[in-house]
Amino acid sequence: MEDKDIQFKAHCLRELFKGRFTQDEMLRVLQEFDEDHRQALDFLIGEDPEQVSGFLRKTTNYIETLQEDSQHLLEFLDNSELVIRPSERLFACVTCNRSWWKKVPYRKEVSRCKKCLVRYDAIPKEREWGIGVFHCSRTPNCRTFKGWAVMGMTESICYICKTPVAVSEILSPKKSERAPSSKDTHQCNGFNCYNKNRVGAVASHVFSPTDQVPVCVHPKSRAAMPPGCCYLIWSVRHPSSGSTVSTFWDQGSLSSRSGIIPGY
């Protein structure tokens, strides 16, 4: 447990400094200060650059530049705990026709597809897709409900007042916990929605791949879509600089929530 704690602290320090140090370098600093992350941080950003560079075997100029860029980290010296919270992001590989969620650092939201091993940037939050949350307040009896959606595109019928409601957010598998109740029939404005009584039905014509048309991501609708459908939003290949820090975060329930589309 102690070894895991110091490894975690070292990883958090790496994240604070945006990957400019290796894991071994951060471990050495922590061990020098009896695993006290505040003293280690104070040493890295407040000590004489020559002493820091000598300890880490880096140039003085490198440390001076790093200290100038890291003054905002002084606030962490007043905190009793070193906590760097990860971001839960959606990734989708068009080549392998699969999607997955992963906890990644806020500063570099990148993940590798386990099938083709290509690194991808996270899908923009304003275009995430999966189980969405809809808030309807049209009548006193209306409620918040869940449904399959694409952020910024999907409108789904409120099960109470039967009016279209725009999706407000997309939930990661851990937050959504389960799919929408099966007794509530999905009905959205996607041009390919399996429910023929779709909201604001889109005229049945052939769309261009560049058209921004609402698409239904319900499993029944996705099952009928060709692999790599151009209307879904896919991750963009990450232009690697070779500086990506390996993800240390415990993926929890996210690690098992990936798979071939149409399922999570």
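This structure is a prediction, so every number in the text was calculated from the model and none was measured.

J.: For the overall build of the chain, give the residues involved together with the corresponding values.
T.: Summing up its helical and strand segments, the chain has 7 helices and 9 strands in all. Within the chain, buried positions represent 45% of all 264 residues. Summarising the internal contacts of the chain: among those between residues at least 6 apart in sequence, 57% fall at separations of at least 24. Accessible surface computed for the chain: about 14,100 Å², of which carbon and sulfur atoms make up 48%.

J.: Provide a residue-level description of the pairing of strand E2 (residues 98–104), including the pertinent values.
T.: A regular strand places its side chains on the two faces of the sheet in alternate fashion. E2 sits mainly inside the fold: 6 of its 7 residues count as buried. Bridge analysis of strand E1 (residues 87–93) against E2 gives 7 bridges, and the strand direction is antiparallel. Bridging from a neighbouring strand, Ala92 pairs with Ser99 of E2. Where E1 folds back on E2, the antiparallel hairpin that results is connected by 4 residues, among which Asn97 adopts a positive phi of roughly 55°.

J.: Any details on the pattern of salt bridges? Residues and values, ideally.
T.: If the charged atoms of two oppositely charged side chains come close together, the side chains can form a pair. What the rule picks out here adds up to 4 salt bridges. With a shortest N-O distance of 2.4 Å, Glu109 and Arg89 are connected by a salt bridge. One end of the pair, Glu109, is in the loop between E2 and strand E3 (110–112); the other, Arg89, is in strand E1, with 20 residues separating them in the sequence. Among the ionic contacts, a cluster of salt bridges with common partners joins Arg89, Glu109, Lys125 and Glu128.

J.: Summarise the environment of Leu171; cite the residues concerned and give the values.
T.: With respect to the helices and strands, Leu171 occurs in strand E8 (residues 164–171). Taking relative accessible area as the criterion, Leu171 reaches 11% and is therefore assigned buried. Spatially, the C-alpha atom of Leu171 lies 9.7 Å from that of Arg89, the residues being 82 residues apart in sequence.

J.: Before we move on, can you summarise the pairing of E1 with the specific residues and values?
T.: Most of E1 sits inside the fold, with 7 of its 7 residues counted as buried. Across the two faces of E1 the burial is the same, with Ser87, Arg89, Phe91 and Cys93 and Glu88, Leu90 and Ala92 all buried.

J.: Tell me what's going on with a negative patch on the surface, and back it up with residues and numbers.
T.: Taken together, the side chains of Asp48, Glu50, Glu64 and Glu68 present a region of like negative charge at the surface. As for its position among the elements, Asp48 is in the loop between helix H3 (37–46) and helix H4 (49–56).

J.: Could you give me a rundown of the sheet that holds strand E5 (residues 129–135), with the residues and numbers involved?
T.: Taken in spatial order, the 4 strands make up an open sheet running E6-E5-E8-E7, and their pairing is antiparallel. The sheet is open, and its two borders are formed by strand E6 (144–150) and strand E7 (155–157), each paired with just one other strand. On average, adjacent strands in this sheet sit at an angle of 50° to one another, irrespective of strand direction. Bridging between E7 and E8 involves 3 bridges; their strand directions are antiparallel. Directly across from Glu155, in E8, lies its bridge partner Ala166.

J.: Hey, could you go over the packing of aromatic side chains for me, with residue numbers and the actual values?
T.: Per the stated rule, a full pass over the model turns up 6 aromatic pairs. An aromatic cluster of at least three residues, connected via ring pairs, comprises Phe33, Phe43 and Phe55. Note that Arg28 overlies the ring of Phe55, its terminal NZ or CZ placed 4.8 Å from the centroid. The ring of Tyr62 carries Lys58 above its face, with NZ or CZ at 5.0 Å from the centroid.

J.: So what's going on with unusual backbone geometry? Residues and values would help.
T.: Positive phi outside glycine occurs at Leu117, with the angle close to 65°. Mapped onto the fold, Leu117 is located in the loop between E3 and strand E4 (119–121). Taking relative accessible area as the criterion, Leu117 reaches 52% and is therefore assigned exposed.

J.: Please set out helix H2 (residues 23–32) residue by residue, giving values where relevant.
T.: For H2, every residue scored as buried is listed here: Gln23, Glu25, Met26, Leu27, Val29 and Leu30. Phi turns positive one or two residues past the end of H2, at Asp34, with a value near 55°.

The rules behind each value
- Residues numbered from 1 in each chain as written.
- Predicted model: local features only at pLDDT ≥ 70, side-chain atom pairs only at ≥ 80, totals over all residues.
- Heavy atoms only, no water.
- Helix = DSSP H or I, 4+ residues; strand = E, 2+ residues; numbered from the N terminus.
- Buried < 20%, exposed > 50% of the residue type's maximum accessible area, 1.4 Å probe, protein only.
- Contact = heavy atoms within 4.5 Å.
- Areas by Shrake-Rupley, 256 points an atom, 1.4 Å probe, with all protein chains shown as cover.
- Pairing = 2+ DSSP bridges.
- Salt bridge = Lys/Arg side-chain N within 4 Å of Asp/Glu carboxyl O.
- Patch = residues over 30% accessible without salt bridge, like charges linked within 9 Å, V, L, I, M, F, W, Y side chains within 5 Å.
- Lys, Arg positive; Asp, Glu negative; His and termini not counted.
- Charge placed at Lys NZ, Arg CZ, Asp CG, Glu CD.
- Axes fitted to C-alpha atoms, helices over the stretch in contact; angles between N-to-C directions.
- Phe/Tyr/Trp six-rings, centres within 6.5 Å; stacked < 30°, edge-to-face > 60°.
- Lys NZ or Arg CZ within 6 Å of the ring centre and 35° of its normal.

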